[in-house]
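# Report on the structure
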Amino acid sequence: MSNIEQNNNIGNPITPEKKQTFPPLIEQISDWPINKLTEDRDTFVKELEYYTLQNLNRKSPDFIKELIQKTIFQEKIRMKEEPWRIDPPNDRIFWNRVRKKIDVTEIDSPSEKQNNIQEALKMVIHRYAEEIVGTFNVKTFKLIRTVLTSLFKRLLNKGININSQKADKVLLDKLMIYGPIEQIRSIATKGTVILLPTHSSNLDSILIGYTMDYKLGLPGPAYGAGLNLYNFGPAAYFMNRLGAYRVDRRKKNAIYLSTLAGMSKLSIQKGTNSLFFPGGTRSRSGELEDKLKLGLLSTVIEAQRSIYDEGREDKVFVVPLVLSYHFVLEAKNLIEDFLKKTGKERYTKSRNEFTSVRSWTKFIYQFISKGSDITMSFGRPMDCIGNFVDNDGHSLDNRGNLIDIKDYFISDGKLSTNHQRESEYTKNLGNKIVERYKAENIVLSSHLVSYVAFQLFKEANKNLDLFALLSLPEDEYFFSRDSFVEQSRIVIELLKEKASQGLLKLPEIFIKDTIDIVLDGIAQIGTFHSSRPITVHKNGDFYSQDFRLLYFYNNRLESYGYQSEIKWNILPVIYQVD
């Protein structure tokens, strides 16, 4: 596929949804790469330990000893300040053994000291490797598939008057899929696909996995799951058997991070599709991620180089994925976390919404029964350097010409390992992914109305900073209906211009009249929240019941920085009620 063909949506401001459901690329789950990877878990763990040991031993013995000492210190702080139920009961005993192993005595010879350091390093790596590496069980996967389907059907039958046979279709119809799905399926047969989603909600992983399996027909990936999720027994049981590798975000020491990176690199190198959130955690502000964690991202490049070292020509492909929700279950808690971190002493706490199991059930029920859609925009596939690829996985330069990315790893006529060079490749790839997040983002009607409302509110109070602005009483500010719709029309025209330039995407609802788009956005946004970010007053005008939630949903569009390009008509759009 030429570069021109791949850009054929440029000039058309509306992006059509992919309604097709695809058959599985690999029919038998037992043949999935993730299953092959963990069939012999013990062997893979040993391979991971060896790789991590070799990687760390590039440093001097004195450096390694200091590294172990720092690790012991950090682990003891973790055990004291952040203990979790999932933590091993013998944690303190283990780390005391490691400390004793590296303690120096006068009678120890230099070789004995070195051996003790190596033994201590191996002990730590082994413990981390055993903790990180999960498994994949075909029977468990089939069970979860059946349970999820049954759950969704029960909720659907309760929320909508349909029969059980149609339940799957209704759910899949609510997952709005955009992007070059046929191309992604094509390259998945020619190499390893790394899916890099934005992260808004704890629901993300479930929805991505369900969509990949049921709608796209792609084999299940290896994915990182926060170790804190394993504190809940049933979750731990299933996640241990569904291809998840455990990630403990409390652990920041270099030995742990090197072991974790090794897990990612080796699984990719062995042809296992992978999924991880490069932003590291959920977006607290509601913005699209613009600062990525480069640790796991670097393993994509390392895996590609290692594949070439083995004499293979398999490619590693990167696919950005942007998830968009009309309402995020955890939005209230997320924005409170963000404001607390950024405002410090200027932050004042507001009432959080409790996200219990009951809340999750209610959320799923409302998602299904109230017609709110969740959008997944799959981006154009790239190679590990950040070049776009065609349907056959061939890399393309900016002019659409074929290039061989093996050349990126060649120095003095031969393949070589250059960590500084690959560090630059990782930074460039990270920048490219951030750029693609904005380009692939589907602007929802709810994003539009929250953006227009908050920007008008901000313009009407220019003398106030963010925290003073968010402290104003919601019941004193209203948006004139007709003027708000006209202001939205102005913003929509700008968004259509940006979409025609390939800077963002607009769904098919943006074909409708402005009033229809605005009313849809208000109907959709924050359905779950007890206080709505924006809603309709009995007099027909619009108002917000929670400025902090309005700010959260506004941030999705504000992160583009288009505010200065828009003429904001403050009066009579916004008015105060005495």
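Residues numbered from 1 in each chain as written. Predicted model: local features only at pLDDT ≥ 70, side-chain atom pairs only at ≥ 80, totals over all residues. Heavy atoms only, no water.

What follows concerns the nonpolar core. General note: in soluble globular proteins, nonpolar side chains tend to be found buried as a group. Counting 156 residues, the largest nonpolar core has I68, F378 and F484 as the members making the most contacts within it. For this core, the element with the most residues is helix 6 (residues 110-132), which contributes nine residues. Excluding residues that lie within four positions of it along the chain, F484 makes contacts with V449, V452, A453, L456, F479, V518, I534, F542 and V573. (Core = buried A, V, L, I, M, F, W, Y, C linked by side-chain atoms within 4.5 Å. Buried < 20%, exposed > 50% of the residue type's maximum accessible area, 1.4 Å probe, protein only. Helix = DSSP H or I, 4+ residues; strand = E, 2+ residues; numbered from the N terminus. Contact = heavy atoms within 4.5 Å.)

What follows covers unusual backbone geometry. A positive phi angle is found at D412, which is not glycine, with a value near 55°. Topologically, D412 is positioned in the loop between strand 11 (410-411) and strand 12 (414-415).

Glancing now at the packing of aromatic side chains. Between two aromatic rings, the relevant description is the distance of the centres plus the angle of the planes. Enumeration according to the criterion identifies 21 aromatic pairs in this entry. When the centroid spacing of 5.3 Å and the interplanar angle of 80° are considered together, the rings of F484 and F542 count as edge-to-face. Remark: F542 occurs in strand 15 (residues 542-543) and F484 occurs in helix 19 (residues 481-500); sequence separation between them is 58 residues. Assigned by exposure class, F484 and F542 land together as buried. Through a chain of ring-to-ring contacts, the aromatic side chains of F454, F457, Y477, F547 and Y551 assemble into a single cluster. Over the ring of F94 we find R127; its NZ or CZ atom is 4.2 Å from the centre of that ring. The aromatic ring of Y560 is capped on one face by K438, whose charged end is 5.6 Å from the ring centroid. (Phe/Tyr/Trp six-rings, centres within 6.5 Å; stacked < 30°, edge-to-face > 60°. Lys NZ or Arg CZ within 6 Å of the ring centre and 35° of its normal.)

Looking now at the packing of helix 4 (residues 61-81) against helix 5 (residues 91-102). Where helix 4 meets helix 5, the closest approach of the two axes is 10 Å, and the angle between their N-to-C directions is 160°. Relative to helix 5, helix 4 is oriented roughly antiparallel. When the axes of helix 4 and helix 5 are compared, the crossing they make is left-handed. Of the residues in helix 5, those in contact with K65, I68, Q69, T71, I72, E75, K76, R78, M79 and K80 of helix 4 are D91, R92, W95, N96, V98, R99 and I102. (Axes fitted to C-alpha atoms, helices over the stretch in contact; angles between N-to-C directions. Parallel < 35°, antiparallel > 145°, perpendicular 65-115°, else oblique. Left-handed = near helix turned anticlockwise from the far one by under 90°.)

On the surface, a cluster of positive charge is made up of R249, K252, K293 and K341. If you trace the backbone, R249 turns up in the loop between strand 4 (244-247) and helix 12 (254-269). (Patch = residues over 30% accessible without salt bridge, like charges linked within 9 Å, V, L, I, M, F, W, Y side chains within 5 Å. Areas by Shrake-Rupley, 256 points an atom, 1.4 Å probe, with all protein chains shown as cover. Salt bridge = Lys/Arg side-chain N within 4 Å of Asp/Glu carboxyl O. Lys, Arg positive; Asp, Glu negative; His and termini not counted. Charge placed at Lys NZ, Arg CZ, Asp CG, Glu CD.)

A word on the pairing of strand 4. Residues of strand 4 alternate between two faces, with A244 and R246 on one and Y245 and V247 on the opposite face, all of them buried. Inspection of the sheet shows strand 3 (residues 222-226) paired to strand 4 by four bridges, in the parallel sense. Of the residues in strand 4, the one forming a bridge with A225 is R246. Crossover handedness for the path strand 3 to helix 11 (residues 233-239) to strand 4: right-handed. (Pairing = 2+ DSSP bridges. Right-handed = clockwise from strand over helix to strand, strands pointing away.)

When charged atoms on two side chains of opposite charge get close, those side chains can pair. On inspection of all chains with the given rule, the structure shows 33 salt bridges. Of the charged contacts in the structure, one is a salt bridge between R282 and E330, with a shortest N-O distance of 3.1 Å. In this pair, R282 sits in the loop between strand 5 (274-275) and helix 13 (294-309) while E330 sits in the loop between strand 6 (315-325) and helix 14 (331-343), placing the two residues 48 residues apart along the sequence. A network of salt bridges, in which partner residues are shared, links E75, R78, D87, D91, R127, E131, D248, R250 and K251.

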